[in-house]
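The primary structure of each chain is shown beneath.
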Amino acid sequence: MQEEILEKNPAANVKVYAVWLPMIASDARSEWKKSLIPDSRVIHLWDEQRVVGRWFAAQGRYVEDVEVVWDIYFLFGPEAQWETLPDPLVSWGYTVVAAREKLRRDFLAVLNR
């Protein structure tokens, strides 16, 4: 995301919320590196209790039969609002690395509307 999207679109008026969850043994806050996505448009959040991941999992809209959603992206356009659910959803995918080309393509589509 950093190199292929943010660095290549420095003037894009975007906000990125990176919510980091401790999902595997090595996911400790002390090991968390904000430098993975250093762009100033990124707001980094640490979710020790996995509240965000549990909430998205409970919606049943993205990935079925999981307790916590993680390593996933959600892309919303400028018209998105959060009432009951954040909507309209433009694109989503997981893992972030596996879906990076889809994320890049869909990001550019939103940016070029």
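Each remark here, short or long, concerns the structure printed above.
Residues numbered from 1 in each chain as written. Predicted model: local features only at pLDDT ≥ 70, side-chain atom pairs only at ≥ 80, totals over all residues. Heavy atoms only, no water.

Caption draft 1: Quick look at a nonpolar patch on the surface. A surface patch of nonpolar side chains, about 400 Å² in accessible area, is lined by Y17, V19, I43, L45 and V52. With respect to the helices and strands, the residue V52 is situated in helix 2 (residues 51-58). (Patch = residues over 30% accessible without salt bridge, like charges linked within 9 Å, V, L, I, M, F, W, Y side chains within 5 Å. Areas by Shrake-Rupley, 256 points an atom, 1.4 Å probe, with all protein chains shown as cover. Salt bridge = Lys/Arg side-chain N within 4 Å of Asp/Glu carboxyl O. Helix = DSSP H or I, 4+ residues; strand = E, 2+ residues; numbered from the N terminus.)

Caption draft 2: Quick look at helix 3 (residues 100-111). In this model helix 3 runs 16 Å from its N-terminal to its C-terminal C-alpha over 12 residues, within 8% of the 16 Å that 1.5 Å per residue would give. Within the span of helix 3, buried status applies to L103, D106, F107 and V110. One face of helix 3 carries all of its buried residues, which in axial projection span an arc of 105 degrees. Buried-residue contacts for helix 3 involve helix 1 (2-6), strand 3 (72-82) and strand 4 (86-94). (Expected span 1.5 Å × (residues − 1). Buried < 20%, exposed > 50% of the residue type's maximum accessible area, 1.4 Å probe, protein only. Arc of directions from axis to C-beta. Contact = heavy atoms within 4.5 Å.)

Caption draft 3: Geometry of the pairing of strand 2 (residues 42-46). Of the two faces of strand 2, the one holding V42, H44 and W46 is buried and the one holding I43 and L45 is not buried anywhere. Sheet topology places strand 1 (residues 16-20) next to strand 2; 5 bridges connect them, and they run parallel. Bridging across to strand 2, V19 finds its partner in L45. (Pairing = 2+ DSSP bridges.)

That is the geometry; function is a separate question.
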